[in-house]
Amino acid sequence: MTWRCALVGLLVVLGAGGVQASPVSVYVASQGAGTLVALAPGPSVSASPVVVGRSPAQVAPGPNGLLYLTHPDARQISVFDARRGSLVRTFPVDGQPFGIAVSADGARLFVGDWAGDRVMRLSAETGALEGTVSVGKEPAALVLDRRGRLYVADRESRQVSVVNSLRLERIATIPVGEAPFALALDPTEDRLYVANVRSGTVSVIDTVASRTIATFAIGGMPYGVAVSPDGGLILVTNQQGGTLVVVDATDGMRRATVPVGRYPEGVVIAEASAYVANWFSDSVSVIDMATLRETARIAVPDGPRSLAVARGGDR
Amino acid sequence: MRLGVLTISLSLLSGAALAHGPTPQKVDQTIVIAAKPDAVWKVVGEFAGIDRWHPDVARSEGSGGNKSGGSRKVTLKSGGTLDEGLDEMDAAARSYSYRLSEPDLKGLPVSSYTATLTVSPEGDGSKVEWLGRFYRGDTGNEPPENLSDEAGKAAMNRYFADGLKGLKARVEGKPAP
């Protein structure tokens, strides 16, 4: 299986050449309702929501069909087993857990502490704190690459921190736009795209040189970003506009502006569709990647923000 | 002495101007007005003109024009000030979106918000929807009661509802309630 579990719920790309016909499920965490719900592949309806605890903010997939959710207001992480369709454990966290990434072997969690300006490394099994590393102010999204480099969007520091996840050392900081919130690596992992909420832009980072090489104008408030499986298109949710903006990865030229629900936030791509969590409208928009048009809108519980793709689930 | 404690906690928090909490909240208010959408838009569509129709507003000063990048400084009758920036003005769709630039917990007990106001046809008249996303006044894990999600929801919904009632009264030519 080439399924990569290293990405946060803001972005999931399915590995090319992966196991065929393995069931893929898109999951949506609703912060207001405190639920996680699975959308069937090519969906028109969703399954029954599962209560996961108060105010889940972000969800990230691990291996073996496990999903990890952060609950900043409850100082808690919950673990959901997609194959069993149920919550398997929760553990307390000392801080305000928000962004989350899972190591490739599923053994470790990297969790941003929103108010503590640090990233914690926890045992995925027990929740035990293994160490911390200081980053910028208000760490939002976290993304882990295959080399074990962790990228952190430091929302109130206008930068991305780059962390050696094994040694828990910050090795670089890269200036980006104002209020970076969401991150997405392209499939080759040589580009990192950063959604900047207040400047209305996407920063393009060269991950080899560790610097910003371009800034794409999006407008409004970009709150989520994903990259197409071929690396050619960048999908950005514009929360103010109620749209999914699609731009060319090479030059930032606009390919489409797709109206979705109100206050769209998280976006993921699974197989031939993109899924957008419409926070205000309590729905998920399904966008066909070939036509860049909305093909379905699925009602979900109150306040959906974050999505994750799990492989190996029952549904 | 409760008032004294409140004053101290407000002054301590005012330094965290840009702090967004992790849990956004919704505000959504709608009203039906017995007038054509264009007539309603004429009153509500001037971003800086909120003091013409919102009963809680003492005065409003605009700068930068009635377009993206423009702003208004709204002084409330209760004493607080809201510095708001216009992100999008779509007169054809009779809609605009804006955000709070600088929080003032005396005005509204929230640390940040974005909002959209839209006028649309409804039967022979109009429907005005004013909705938004905000974060509570204290974005830490143990907010005091006056800066909690519940306090923010109550204040934002009241402010939006009061405004829409005032707009309706103004457009329909009746005195404000």
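Just above, that's the structure.
Everything numeric in this text was worked out from a predicted model, so none of it was measured.

1. Section: the sheet that holds strand S5 (residues 95-102) of chain B
Residues and elements named next belong to chain B.
For step 1, the next point in the chain: Read across the sheet, seven strands follow the order S1-S7-S6-S5-S4-S3-S2 without closing on themselves; strand pairing throughout is antiparallel. Two strands lie at the open edges of the sheet, namely strand S1 (25-33) and strand S2 (57-63), each paired on one side alone. Sheet twist, expressed as the average angle between the axes of neighbouring strands with direction ignored, equals 20 degrees.
For step 2, the next point in the chain: Where S5 lies against strand S6 (residues 110-122), five bridges are found, and the strand directions are antiparallel. Across the sheet, tyrosine 98 pairs through a bridge with alanine 115, a residue of S6.
For step 3, the next point in the chain: Strands S1, strand S4 (81-90), S5, S6 and strand S7 (125-136) of the sheet are contacted by helix H2 (residues 37-44), whose axis makes an angle of about 150 degrees with S6.

2. A closer look at the packing of H2 of chain B against helix H3 (residues 149-172) of chain B
Residues and elements named next belong to chain B.
For step 1, the next point in the chain: Interaxial distance between H2 and H3 falls to 10 Å at its minimum, and their mutual angle equals 115 degrees. With respect to the hand of their crossing, H2 and H3 are arranged in right-handed fashion. Across from Val40, Val43 and Val44 in H2, the residues of H3 making contact are Leu167, Arg170 and Val171.
For step 2, the next point in the chain: Here the contact of H2 with H3 is composed, by residue class, of five nonpolar, no polar and one charged.

3. Observations regarding the layout of surface pockets
For step 1, the next point in the chain: Estimated volume of the largest pocket: approximately 380 Å³.
For step 2, the next point in the chain: Taken together, 15 residues line the largest pocket, and the ones lying closest to its centre are Gln240 and Gly241 of chain A together with Ser95, Thr116 and Thr118 of chain B.
For step 3, the next point in the chain: Counted by class, the lining of the largest pocket contains four nonpolar, eight polar and three charged residues.

4. Quick notes on the pattern of salt bridges
For step 1, the next point in the chain: Tallied over the full model, the rule gives 28 salt bridges over all chains.
For step 2, the next point in the chain: Taking the shortest distance from any N to any O, the salt bridge between lysine 26 of chain B and aspartate 302 of chain A comes out at 2.7 Å. Placement of lysine 26 of chain B in strand S1 and of aspartate 302 of chain A in the loop between strand S27 (293-299) and strand S28 (304-311) is noted, with the two residues assigned to different chains.
For step 3, the next point in the chain: Between arginine 136 of chain B and aspartate 149 of chain B there is a salt bridge, with its nearest N and O atoms 3.2 Å apart.

5. Points about the side chain of histidine 54 of chain B
Residues and elements named next belong to chain B.
For step 1, the next point in the chain: Looking at the secondary structure, you find histidine 54 in the loop between H2 and S2.
For step 2, the next point in the chain: A distance of 3.1 Å separates a polar atom in the side chain of histidine 54 from the backbone nitrogen of aspartate 56.
For step 3, the next point in the chain: With residues near it in sequence (within four places) discarded, histidine 54 still touches Trp130, Tyr159, Asp162 and Gly163.

Here is what the cut-offs are and how they apply
Within each chain, residues carry numbers counting from 1 in the order of the written sequence. Each chain is given a letter, starting from A, and each ligand a number, starting from 1, according to the order in which they appear as written. Under the rules for a predicted model, residues below a pLDDT of 70 receive no local features and side-chain atom pairs below 80 are neither given nor counted, while totals for whole chains, interfaces and linings still include all residues. Excluded from the side-chain calculation are hydrogens and water; included are all heavy atoms of the structure. Here a strand pair is declared whenever DSSP counts at least two bridges between the two strands. Strands are runs of DSSP state E lasting at least two residues, helices are runs of H or I lasting at least four, and both sets are numbered from the N terminus onward. Axis geometry follows a simple rule: fit a line to the C-alpha atoms, using only the stretch in contact for helices, then measure angles between N-to-C directions, giving values from 0 to 180 degrees. Residue contacts follow a heavy-atom distance rule, with two residues in contact if any of their heavy atoms lie within 4.5 Å. By convention, the crossing between two helices is left-handed when the near helix turns anticlockwise from the far helix through less than a right angle, and right-handed when the turn is clockwise. Residue classes follow a fixed rule: Ala, Val, Leu, Ile, Met, Phe, Trp, Tyr, Cys and Pro count as nonpolar, while Asp, Glu, Lys and Arg count as charged, and any other residue, Gly among them, counts as polar. The way it works is a 1 Å grid over only the protein atoms, where trapped points that fit a 1.4 Å probe form a cavity and open points with protein on both sides within 12 Å along at least five of seven lines form a pocket, and then any residue with an atom within 4 Å of a point lines it. Grid points are joined across faces, edges and corners, and a volume is the space filled by probe spheres set on the points. We count a salt bridge whenever a side-chain nitrogen from Lys or Arg sits within 4 Å of a carboxyl oxygen from Asp or Glu. Throughout this description, a polar contact denotes any pair of N or O atoms lying within 3.5 Å of each other; where both atoms belong to protein, one of them has to be capable of donating a hydrogen while the other can accept it, and for residues adjacent in sequence the pair is counted only when both atoms sit in side chains.

These figures come from the coordinates and say nothing about function on their own.
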